[in-house]
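# Structural features, examined
Residue-level listing of the chains:
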Amino acid sequence: MKKGKKGWFLLMAFTMWAALIAGCGKWPGNKPDKVPEVTTAGAETDPAENPENVQVTPLPDIQELTYYVHGTMMEPIWSVSLLRQGEEALVRIEPWDGEEEEAFDYPVAAETLEKARRILETYDVASWAGFRGSDPNVLDGSSMSFQAEFVDGSRIEAFGENKFPKNYHDVFSELDDLTVEAKDAFYEEQSSF
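These lines cover the structure that appears in this document, whether it is placed above or below. Note that the coordinates shown come from a computational prediction; the quantities given were computed from them, not determined experimentally.

## Considerations on the packing of aromatic side chains
The geometry of an aromatic ring pair is captured by two quantities: the separation of the ring centres and the angle between the planes. This model, assessed by the stated rule, comprises 10 aromatic pairs. Between Phe104 and Tyr106 the ring centres are 6.4 Å apart and the planes differ by 25°, which places this aromatic pair in the stacked class. Each member of the pair, Phe104 as well as Tyr106, carries the same accessibility label: buried. A centroid spacing of 4.4 Å and a plane angle of 35° characterise the contact between Phe164 and Tyr168, whose relative ring orientation is tilted. Residue class for Phe164 comes out partly exposed when judged on its relative accessible area of 24%. For Tyr168, a relative accessible area of 15% gives the class buried. An aromatic cluster is defined as three or more aromatic residues linked by ring pairs; in this entry it consists of Tyr67, Trp128, Phe146, Phe164, Tyr168 and Phe172.

Dropping the structure here:
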């Protein structure tokens with residue numbers, strides 16, 4: 001091999017080797033260990049409470065939170081709300097036929113609003129602000145709505161038709177768990193008529 005070609009070959013081999021070494025740090029299997037997140041109180045969060053391991057956005061206290069999911073089957077409940085009433089809280093169930101039926105209010109512990117706020121922080125619901133999702137290619141699907149107003153006047157609103165914000169199913173499921181007692185009382189009252 002001539003000297004010029006040998007030098008060129010060595011230079012190319014060295015360049016490829018250097019690029020390979022530099023790129024190894026960017027390979028998916030070579031990620032750094034996850035760093036525990038810090039909440040506003042300065043305490044580390046449990047990774048199980050934050051499954052996506054996203055940075056927790058601290059939120060103010062909730063004044064009012066309303067959400068719903070509607071599919072093709074008509075259900076008796078149009079929406080569920082958590083409301084702050086001074087030092088107390090309540091769950092308000094809006095029936096599907098709100099023109100003929102009154103809303104059903106069910107008192108709950110004030111800490112229910114704090115639990116709801118933690119759910120919103122855990123799943124980074126602040127990132128939903130302004131979400132408007134739609135998939136016109138789905139012929140028969142579902143829709144969702146989420147609105148939260150905080151004591152400082154700030155708001156988060158998100159709407160979707162067959163296209164939804166990240167983790168919405170987990171958020172709504174956990175909010176349903178918080179309000180299940182009120183919904184059960186609503187259904188019990190409905191069945192007595």
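Moving on from the coordinates now.
## Side note on the pattern of salt bridges
A side chain of one charge can pair with a side chain of the opposite charge if their charged atoms are brought near each other. The final tally for this structure, using the stated rule, is 10 salt bridges. The partner of Arg92 in a salt bridge is Asp105, and the shortest N-O contact between them spans 2.7 Å. Residue Arg92 is located in strand E3 (residues 88-95), and its partner Asp105 is located in strand E4 (residues 104-108); the two are separated by 13 residues in the primary sequence. Across the pair Glu157 and Arg132 runs a salt bridge, and its minimum N-O distance is 3.8 Å. You can see Glu157 sitting in strand E7 (residues 155-161) and its partner Arg132 sitting in strand E5 (residues 131-134), a full 25 residues away along the chain. Taking the relative accessible area as the measure of exposure, Glu157 reaches 24% and is therefore partly exposed. Several salt bridges converge on common partners, so that one network encompasses Asp61, Glu114, Arg117, Arg118 and Glu121.

What counts and how
Position numbers for residues start from 1 in each chain and track the written sequence from start to end. In keeping with the model being predicted, local features are shown solely for residues with a pLDDT of at least 70 and side-chain atom pairs are shown and tallied solely at 80 or more, while totals for entire chains, interfaces and linings include all residues. The basis for the side-chain values is all heavy atoms of the structure; hydrogens and waters are excluded. Whether two aromatic rings pair depends on their centres lying within 6.5 Å, for rings of Phe, Tyr and Trp, where Trp uses its six-membered ring; planes under 30 degrees apart make the pair stacked, over 60 edge-to-face, and the rest tilted. Note on classification: 1.4 Å probe, protein chains only; a residue is buried when its accessible area is under 20% of the maximum for its type, exposed when over 50%, partly exposed between these limits. Salt bridges, as used here, are contacts in which a Lys or Arg side-chain nitrogen is within 4 Å of a carboxyl oxygen on Asp or Glu. Note on conventions: DSSP H or I runs of at least 4 residues are helices, E runs of at least 2 residues are strands, and numbering of each starts at the N terminus.

Treat this as a map of the structure, not an account of what it does.
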